[in-house]
Protein chains: 2
Amino acid sequence: MKIALVGIGKIAVDQHVPSLAASDDWELAATVSRAGTVDGVPSYKDLDTMLAENADVEVVSLCLPPVPRYDYAKACLEAGRHVMLEKPPGATLAEVYDLQALAADKGLTLFATWHSRMAKGVQAAKAALAGKTIETAHIDWKENVRQWHPGQDWVFEPGGMGVFDPGINALSILTEVLPAPVFLREAVVYTPENRQTPIKANLTFSGGVTAEFDWLKEGTQMWEMTFRTTDGDTVHLLEGGNECVVNDQQMPVAELGEYPALYARMAELVKAGESDVDLAPMVHVSDAMTLGRRVTAPAFEW
Amino acid sequence: MKIALVGIGKIAVDQHVPSLAASDDWELAATVSRAGTVDGVPSYKDLDTMLAENADVEVVSLCLPPVPRYDYAKACLEAGRHVMLEKPPGATLAEVYDLQALAADKGLTLFATWHSRMAKGVQAAKAALAGKTIETAHIDWKENVRQWHPGQDWVFEPGGMGVFDPGINALSILTEVLPAPVFLREAVVYTPENRQTPIKANLTFSGGVTAEFDWLKEGTQMWEMTFRTTDGDTVHLLEGGNECVVNDQQMPVAELGEYPALYARMAELVKAGESDVDLAPMVHVSDAMTLGRRVTAPAFEW
């Protein structure tokens, strides 16, 4: 199937382009971006022109920041193309409901991706927790924003989500592996005095689940979660969900990496004529932004 | 049907108690509250005791602030009682989804009420806008928090919602009368430097819809919205939705007031074995708290 990629920035170059190149399902037929291009692929600056000149592009994958994404997604759906959305699927919940309704109305596939859900150890953790009761669970998602988003000011602008940009990856895994849903009880969110979105957050959920998100972690980066069940089992997810250890035993994990797995899933969805839009991770972030106690943190500069 | 009222504060005394007294459907059989009581009605300080001693109370209506409400609602549902929730239905979206699942599982009615949707002119406005296209719509929801919530510090604590506590009433009307859904494009929220929740907010939605919420309005209080359609019609909702004027003509309105209408609806839902949980107004507030640009406002004291 021919696919177009919109928004040729860091995540597109690092993940989307190589995943498409390695897949038999897909042919990258066009790109749309203000600046970025991909060698050997026709590039456009304007979405409407790309759509008009490439009637055979069935699928458009959007790797833009969340705020501008809605208008692009809507234009693609209205032009009869299936759409794949980078996480988070939008800047607001209501706009994603709107896209969902539009896709259903047009009989098109909408896939709101959560790449961390495809991390290699996630299904092993889910299987280990199935049918169990969680006694406690803790997430540490601590990374250095200067290393992973150098100079990307949009992450600190309204709608950029701040530390919830990585944190929502942890929440996408949490909502996939937990045997029963939880909800936020309390949160503290720390926002630099010169920025709009949080740089650190501590979350307390129902069911004994807690999370610490920190975007100022230097040295070893930390994307881990630990679940203890009432049966006495301990399940660790390490390396952003890519390793799973159950009661000190390393579990076998999936072969396909996160983005190749997302594109394989998109191919399945299109063939089956289905959509996949689960907003649970985004609901938890919205809840944290609504219920969270706000604390002013020191100014942040790159 | 026998009903119990939990949380005997201002809204219970002003609205719930008289509405129940005036209705043939309901008998107020018990109250639960730390401080308030209702003359001639058995009062409890503890929910579990009330539930244990009143097996014939089929319905519990919760008028507590949003943060403690979940635990009460859950206990009532687990005790096999139908539940009616004051607005907003919870402190988070995820906790309301949880209650919804529990009610469905138990075969009980859950009614997330929006009293302003029952304002007398709302259905007239909805009828006037049905099948039309909105060109622009504007909401002015401007009241004096010192007059309506004197000393109620919880409204400025996390989860108290601040100016969105009245604002969500406007949004509950908006989402009822609009012929097609909208979503938030941009927001500015103003929070007093010594408080946690906004005291003022300006919202810009898709579809030409804008809103101004202000909690510092002195003098004449203002709960109004104006819709202009592409056909050239103008629909005004005045007095919090209780008056409807279409093209300068006053429309006939409903007879029943907001709370009597809510209790009549609850009686219908219980008889029909149905629930009514529409979270659209709360989604817009969560979206505003997530996407809104934050501005610090002067300190607020009562």
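Only a predicted model underlies this, so the values are computations on that prediction, with no experimental measurement involved.

(A) Fine view of the overall build of chain A. What chain A contains, in helices and strands, is nine helices and 15 strands. By the compact-globule yardstick of 19 Å for 302 residues, chain A fits well, its C-alpha radius of gyration being 19 Å. Viewed in the frame of its principal axes, chain A has a C-alpha envelope of about 55 × 45 × 35 Å. Each of the 302 residues in chain A was classed as buried or not, and the buried ones make up 56%. In chain A, once contacts between residues fewer than 6 apart in sequence are set aside, the share between residues at least 24 apart is 71%. When the accessible area of chain A is evaluated, it comes to approximately 12100 Å², of which 48% is carbon and sulfur surface.

(B) Representation of the side chain of Q196 of chain B in the model. Here Q196 of chain B shows up in the loop between β8 (184-192) and β9 (200-205). By relative accessible area, which is 13% here, Q196 of chain B ends up buried. Within the structure, the side chain of Q196 of chain B is placed 2.7 Å from the backbone nitrogen of R294 of chain A, a separation counted as a polar contact.

(C) Layout of the pairing of strand β13 (residues 243-246) of chain A. Residues and elements named next belong to chain A. Bridging between strand β12 (residues 234-238) and β13 involves four bridges; their strand directions are antiparallel. For V235, the partnering residue across the bridge sits in β13 and is V246. Note: β13 against strand β14 (residues 249-250), two bridges, orientation antiparallel. Bridging across to β14, V245 finds its partner in Q250.

(D) Structural context of the environment of E176 of chain B. Residues and elements named next belong to chain B. Position of E176 relative to the elements: it lies in helix α7 (residues 164-177). Taking relative accessible area as the criterion, E176 reaches 18% and is therefore assigned buried. Apart from the residues within four sequence positions on either side, E176 is in contact with R117, V122, Q123 and K126. At 3.1 Å, the side chain of E176 and the side chain of K126 are in polar contact.

(E) Spotlight on the packing of aromatic side chains. Inspection of the entire model under this criterion finds 16 aromatic pairs over all chains. For the ring pair F183 of chain A and Y70 of chain B, a centre distance of 4.2 Å and an interplane angle of 55° mean the geometry is tilted. A residue pair is termed interchain when its members come from two chains, as with F183 of chain A in the loop between α7 (164-177) and β8 (184-192) and Y70 of chain B in helix α3 (residues 66-78). For F183 of chain A, a relative accessible area of 2% corresponds to the buried category. Connected via pairs of aromatic rings, a cluster forms that spans F156, W215, F300 and W302 of chain A. When the ring centre of Y190 of chain A is taken as reference, the NZ or CZ atom of K200 of chain A above it lies at 4.9 Å.

(F) Examining the relation of the copies chain A and chain B more closely. With an RMSD of 0.0 Å, the fit of chain A onto chain B corresponds to turning through 180° and sliding 0.0 Å along the axis. The transformation relating the two chain copies, once decomposed into turn and shift, fits a two-fold axis. The overlap is high: 100% of the interface residues of chain A also sit at the interface in chain B, so the same surface is used on both sides.

(G) Spatial organisation of the sheet that holds strand β14 (residues 249-250) of chain B. Residue and element names in this part refer to chain B. If you trace the nine strands from one edge of the open sheet to the other, you get β14-β13-β12-β11-β7-β10-β9-β8-β15, paired in mixed fashion. Because the sheet does not close on itself, it has two edges, and the strands there are β14 and β15 (293-297). Bridge analysis of β8 against β15 gives five bridges, and the strand direction is parallel. Within β15, the residue paired with V189 across the bridge is R294.

(H) Representation of the pattern of salt bridges. Residue and element names in this part refer to chain A. One pass over the structure, following the stated rule, counts 34 salt bridges over all chains. Salt-bridge contacts for R117 lead to D278; the nearest nitrogen and oxygen are separated by 2.8 Å. Taken together, the positions of R117 in the loop between β6 (110-112) and α5 (122-129) and D278 in the loop between α8 (258-272) and α9 (280-291) put the pair 161 residues apart, joining distant regions of the chain. Take R117: its relative accessible area is 12%, and that puts it in the buried class.

(I) Here's a closer look at the domain arrangement of chain A. Residues and elements named next belong to chain A. Structurally, chain A comprises domain 1 (2-112) and domain 2 (120-255 + 285-297). Taking only C-alpha atoms, the centre of domain 1 and the centre of domain 2 are 27 Å apart. Contacts between the two partners involve seven residues from domain 1, matched on the other side by 10 residues from domain 2. Summed over both partners, the interface of domain 1 with domain 2 buries about 670 Å², with 67% contributed by carbon and sulfur atoms. Among the residues of domain 1 in contact with domain 2, K10, K87 and P88 are the three that bury the most area, contributing 56% of the side total. Here domain 1 is connected to domain 2 by one salt bridge.

Parameters at a glance
- Residues numbered from 1 in each chain as written.
- Chains lettered and ligands numbered in written order.
- Predicted model: local features only at pLDDT ≥ 70, side-chain atom pairs only at ≥ 80, totals over all residues.
- Heavy atoms only, no water.
- Helix = DSSP H or I, 4+ residues; strand = E, 2+ residues; numbered from the N terminus.
- Rg over C-alpha atoms; globule rule 2.2 N^0.38 Å.
- Buried < 20%, exposed > 50% of the residue type's maximum accessible area, 1.4 Å probe, protein only.
- Contact = heavy atoms within 4.5 Å.
- Areas by Shrake-Rupley, 256 points an atom, 1.4 Å probe, with all protein chains shown as cover.
- Polar contact = N/O pair within 3.5 Å; in protein donor to acceptor, adjacent residues only side chain to side chain.
- Pairing = 2+ DSSP bridges.
- Phe/Tyr/Trp six-rings, centres within 6.5 Å; stacked < 30°, edge-to-face > 60°.
- Lys NZ or Arg CZ within 6 Å of the ring centre and 35° of its normal.
- Least-squares fit on C-alpha atoms with pLDDT ≥ 70 in both.
- Salt bridge = Lys/Arg side-chain N within 4 Å of Asp/Glu carboxyl O.
- Domains from an automatic or database assignment.
- Buried area = accessible area lost by both parts, 1.4 Å probe.

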